[in-house]
Amino acid sequence: MRILITNDDGINSVGLRTAADTLCVKHDVYVIAPESQRSATGHGISVHSPLRYRKLDSGGCRLRIAVDGTPADCVKLAALYFMKNGLPDLVISGINEGSNVGSDVIYSGTVSAALEGAYMGIRSMAVSNSDRSFTDGYALAAKFIAENLDALTAVRMPDYTALNINYPACKHTGVSVVPVGKNRYSDMFAEVGENMLKISGEPLGEETDNNTDVSQIARGHITVSPVTLDMNDYALLARLKEEFPL
């Protein structure tokens, strides 16, 4: 299988290296990733400036390129330039250093890279180690993906949809296929210099719905959640058509 690996933590991150080293044993792995930390960049792309890139030692992969751009940029570059004559069968974004559950997916560069792959018609998944201090989590997450790759890629996926997979902060006790939940933070800005503000915050309580990625990751389960670029609220759309006076 031809696999493109990217991320938002940068090409030298432990999660990306672990995923690439694990998967290149049996697959053709291409690594195209940001050259530096790009977490929480969401689905941004670079349209106002050229993208600089550096080819690095492949390190056992077919190709390894660092890009001065966003995670979504990297997927576009792969599909439209570096791999245009042989598109990847699969895009894996990660393994992220920290969780991407609940409302975090709104901001996540990791999830956005997977969704960019789905947008371009390539089967895609985002993979995260929910606690970066649980260093074994990277290898365990990579092992789970490698051992279950056939099953994960056999599922028929709707257009513009990717899988969001999170590994818990311990050796997992199960696998839960669940929707993305909701989590909120006590966001605030603090002054850190003249005319300079920095955001920070802590989680506000626990998810009340037990059947979401937020609650199940806390219970030690691997979570698998389909996420999509289709942002339509179809129930409200139908109601508006009935109720809105035209």
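Residues numbered from 1 in each chain as written. Predicted model: local features only at pLDDT ≥ 70, side-chain atom pairs only at ≥ 80, totals over all residues. Heavy atoms only, no water.

> Got a minute to help me understand the environment of Asp-150 in this structure?
Along the chain, the position of Asp-150 falls in helix 5 (residues 149-154). When its relative accessible area of 63% is taken as the criterion, Asp-150 is described as exposed. Sequence separation between Asp-150 and Ile-222 is 72 residues, and the spatial gap between their C-alpha atoms is 17 Å. (Helix = DSSP H or I, 4+ residues; strand = E, 2+ residues; numbered from the N terminus. Buried < 20%, exposed > 50% of the residue type's maximum accessible area, 1.4 Å probe, protein only.)

> Whenever I open this one, the environment of Leu-51 confuses me. Can you help?
Tracing the sequence through the fold places Leu-51 in the loop between strand 2 (28-34) and strand 3 (53-55). For the pair Leu-51 and Phe-144, spaced 93 residues apart in sequence, the C-alpha separation works out to 34 Å. The contact partners of Leu-51, leaving out residues within four places of it in the chain, are Ser-46, Val-67, Asp-68, Gly-69, Asp-73 and Leu-77. (Contact = heavy atoms within 4.5 Å.)

> Where do I start with the pairing of strand 4 (residues 63-67) in this structure?
Both faces of the sheet carry side chains from a regular strand, because those side chains alternate between them. With five of its five residues buried, strand 4 lies for the most part within the structure. Residues Leu-63, Ile-65 and Val-67 of strand 4 are buried on one face, and the alternating residues Arg-64 and Ala-66, pointing to the opposite face, are buried as well. Sheet topology note: the strand 2/strand 4 ladder contains five bridges and is parallel. When the sheet's bridge partners are listed, Val-31 is paired in strand 4 with Arg-64. With three bridges joining them, strand 3 and strand 4 adopt antiparallel strand pairing. Bridge assignment links Tyr-53 to a residue of strand 4, and that residue is Val-67. (Pairing = 2+ DSSP bridges.)

> Mind showing me how you'd approach the pairing of strand 2 here?
When you tally the buried positions in strand 2, you get six out of seven residues, the bulk of the element. Judged from the four bridges that link them, strand 1 (residues 2-6) and strand 2 form a sheet pairing that is parallel. The residue bridging Arg-2 from the neighbouring strand is Asp-28, located in strand 2. A crossover connection joins strand 1 to the parallel strand 2 through helix 1 (residues 14-23); in handedness this β-α-β unit is right-handed. (Right-handed = clockwise from strand over helix to strand, strands pointing away.)

> Got a minute to help me understand the pattern of salt bridges in this structure?
Where side chains of opposite charge bring their charged atoms close, a pairing between them can arise. Tallied over the entire structure, the rule returns six salt bridges. The shortest N-O distance in the salt bridge between Glu-35 and Arg-54 comes to 3.8 Å. You can see Glu-35 sitting in the loop between strand 2 and strand 3 and its partner Arg-54 sitting in strand 3, a full 19 residues away along the chain. Between Lys-143 and Glu-147 there is a salt bridge, with its nearest N and O atoms 2.8 Å apart. With Lys-143 and Glu-147 both in helix 4 (residues 136-147) and four residues apart, this pair spans about one turn of that helix. Residue classification places Lys-143 among the partly exposed residues on the basis of a relative accessible area of 47%. For Glu-147, a relative accessible area of 55% corresponds to the exposed category. (Salt bridge = Lys/Arg side-chain N within 4 Å of Asp/Glu carboxyl O.)

> What is the right way to read the packing of aromatic side chains from this model?
Both the distance between ring centres and the angle between the ring planes are used here to describe each pair of aromatic rings. Under the criterion given, the structure shown has three aromatic pairs. Summarising the aromatic geometry, the rings of Tyr-53 and Phe-82 are spaced 5.0 Å apart at their centres and angled 80 degrees between planes, so their arrangement reads as edge-to-face. Of the two residues, Tyr-53 is situated in strand 3 and Phe-82 in helix 2 (residues 71-82); the sequence distance between them amounts to 29 residues. Aromatic side chains Tyr-119 and Tyr-160 sit 6.0 Å apart centroid to centroid with 35 degrees between the ring planes, which places their arrangement in the tilted category. Of this pair, Tyr-119 sits in helix 3 (residues 109-119) while Tyr-160 is found in the loop between helix 5 and strand 7 (161-167), placing the two residues 41 residues apart along the sequence. Among the residues examined, Tyr-119 registers a relative accessible area of 49% and is labelled partly exposed. According to the relative accessible area criterion, Tyr-160 is partly exposed, its value standing at 41%. Cluster of aromatic residues (ring-pair linked, three or more members): Tyr-53, Tyr-81 and Phe-82. (Phe/Tyr/Trp six-rings, centres within 6.5 Å; stacked < 30°, edge-to-face > 60°.)

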